[in-house]
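Below, each chain spelled out in residue letters.
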Amino acid sequence: SAVISQKPSRDICQRGTSLTIQCQVDSQVTMMFWYRQQPGQSLTLIATANQGSEATYESGFVIDKFPISRPNLTFSTLTVSNLSPEDSSIYLCSVYRQGTGEKLFFGSGTQLSVL
Amino acid sequence: AQKITQTQPGMFVQEKEAVTLDCTYDTSDPSYGLFWYKQPSSGEMIFLIYQGSYDQQNATEGRYSLNFQKARKSANLVISASQLGDSAMYFCAMKGGYNKLIFGAGTRLAVHP
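These figures come from a predicted structure and were not determined experimentally.

So, the overall build of chain A
At step 1: Helices and strands together make up the secondary structure of chain A, namely zero helices and 11 strands.
At step 2: Relative to the compact-globule value of 13 Å for 115 residues, chain A shows a C-alpha radius of gyration of 13 Å, a close match.
At step 3: Taking the principal axes of its C-alpha atoms as reference, chain A extends roughly 40 × 30 × 20 Å.
At step 4: Every one of the 115 residues in chain A was classed for burial, and the buried ones make up 50%.
At step 5: Of the contacts made within chain A by residues no fewer than 6 positions apart, 52% connect residues no fewer than 24 positions apart.
At step 6: Put simply, chain A shows about 5500 Å² of open surface, and 47% of that area lies on carbon and sulfur atoms.

Comments concerning the pattern of salt bridges
At step 1: For the coordinates displayed, the defined rule picks out four salt bridges over all chains.
At step 2: Between aspartate 87 of chain A and lysine 65 of chain A there is a salt bridge, with the nearest N and O atoms lying 2.7 Å from each other. Linking aspartate 87 of chain A in the loop between strand E8 (75–80) and strand E9 (89–96) with lysine 65 of chain A in the loop between strand E6 (56–57) and strand E7 (68–72), this pair joins segments that are 22 residues apart in sequence.
At step 3: A salt bridge links aspartate 26 of chain B to lysine 73 of chain B; the shortest N-O distance between them is 3.2 Å. With aspartate 26 of chain B in strand E4 (residues 24–26) and lysine 73 of chain B in the loop between strand E8 (64–69) and strand E9 (74–79), the pair connects residues that are 47 residues apart, well separated along the chain.

A word on the interface of chain B and chain A
At step 1: With 16 residues of chain B at the interface, the matching set in chain A holds 16 residues.
At step 2: Between chain B and chain A, the buried area comes to about 1400 Å², and carbon and sulfur atoms account for 58% of it.
At step 3: Inspection of the chain B/chain A interface yields one salt bridge.
At step 4: A salt bridge links glutamate 58 of chain A to lysine 100 of chain B, with the shortest nitrogen-to-oxygen separation between them at 3.0 Å.
At step 5: One can count six residue pairs in polar contact (both at pLDDT 80 or more) joining chain B with chain A.
At step 6: Put simply, the parts of the chain that give the side of chain B that touches chain A at least two residues each are strand E5 (33–39), strand E6 (46–52), strand E10 (88–95) and strand E11 (101–103) of chain B.
At step 7: At three residues, E5 of chain B tops the list of elements feeding residues into the side of chain B that touches chain A.
At step 8: In the side of chain B that touches chain A, the residues fall into 10 nonpolar, four polar and two charged.

Some words on the sheet that holds strand E3 (residues 19–25) of chain A
Residue and element names in this part refer to chain A.
At step 1: Strand order across the open sheet formed by four strands is E1-E3-E8-E7, with antiparallel pairing between neighbours. The two strands at the open ends of the sheet, each matched to only one other strand, are strand E1 (4–7) and E7. Neighbouring strand axes in the sheet, compared pairwise and without regard to direction, differ in orientation by 15° on average.
At step 2: As paired elements, E7 and E8 share three bridges and run antiparallel to each other. Opposite serine 69, over in E8, you have threonine 77 as the bridge partner.

Topic: the environment of isoleucine 49 of chain B
At step 1: Among the structural elements, isoleucine 49 of chain B can be located in strand E6.
At step 2: Separated by 12 residues in sequence, isoleucine 49 of chain B and glutamate 61 of chain B place their C-alpha atoms 6.3 Å apart.

Considering the pairing of E6 of chain B
At step 1: Here E6 of chain B lies mainly inside the structure; five of its seven residues are buried.
At step 2: Connecting E5 of chain B to the antiparallel partner E6 of chain B that follows it, the hairpin turn spans six residues, and glycine 43 of chain B within it adopts a positive phi of roughly 95°.

Thresholds, definitions, all that
- Residues numbered from 1 in each chain as written.
- Chains lettered and ligands numbered in written order.
- Predicted model: local features only at pLDDT ≥ 70, side-chain atom pairs only at ≥ 80, totals over all residues.
- Heavy atoms only, no water.
- Helix = DSSP H or I, 4+ residues; strand = E, 2+ residues; numbered from the N terminus.
- Rg over C-alpha atoms; globule rule 2.2 N^0.38 Å.
- Buried < 20%, exposed > 50% of the residue type's maximum accessible area, 1.4 Å probe, protein only.
- Contact = heavy atoms within 4.5 Å.
- Areas by Shrake-Rupley, 256 points an atom, 1.4 Å probe, with all protein chains shown as cover.
- Salt bridge = Lys/Arg side-chain N within 4 Å of Asp/Glu carboxyl O.
- Buried area = accessible area lost by both parts, 1.4 Å probe.
- Polar contact = N/O pair within 3.5 Å; in protein donor to acceptor, adjacent residues only side chain to side chain.
- Nonpolar A, V, L, I, M, F, W, Y, C, P; charged D, E, K, R; others polar.
- Pairing = 2+ DSSP bridges.
- Axes fitted to C-alpha atoms, helices over the stretch in contact; angles between N-to-C directions.

Encoded structure:
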């Protein structure tokens, strides 16, 4: 069974709207990581989400554009706000799972297309 | 700052042959981890192998092995007996501070019958 359930798997959105991506983990985890993969590119870390505190954003990513919620130890959402075509990417959440060593598990990804 | 470099945008290999995908890294941290992930056309990220900076032996996982040369700061992935299903993007990554993974640009591997 999947470690992380991520949804939606894909969406097509209009410019100026927002999309919220959900990630549900099958066990409690301390940190959840959100990545962006632009077309043909590698993965770039957007932010680290810890339960009970503000997310920590990487350089070039801001909370107004990518607000994150982490209400409990198994769930997180990433919202991509005020969408533009440049936001068309795959967004992935990821976690380290207790008892599996150093392996970072990824959700199946959300393919976002902005028209 | 930490950095991962994959200099091979694309590689070709004949089925059943071995292939090496290159990865070099740069970090000032004495403790770090190196990873390889496979991303098929479906987009999922599949963990392949992990090497810790203090591990004495090269990591192996089935047909995958990591050729870790610490002095040269390289962590090349070796895939033995390539299969058609190995055709995918391969990413090298390094774990540094706060458990964050930094990814290289990736290498697209094509396995020919």
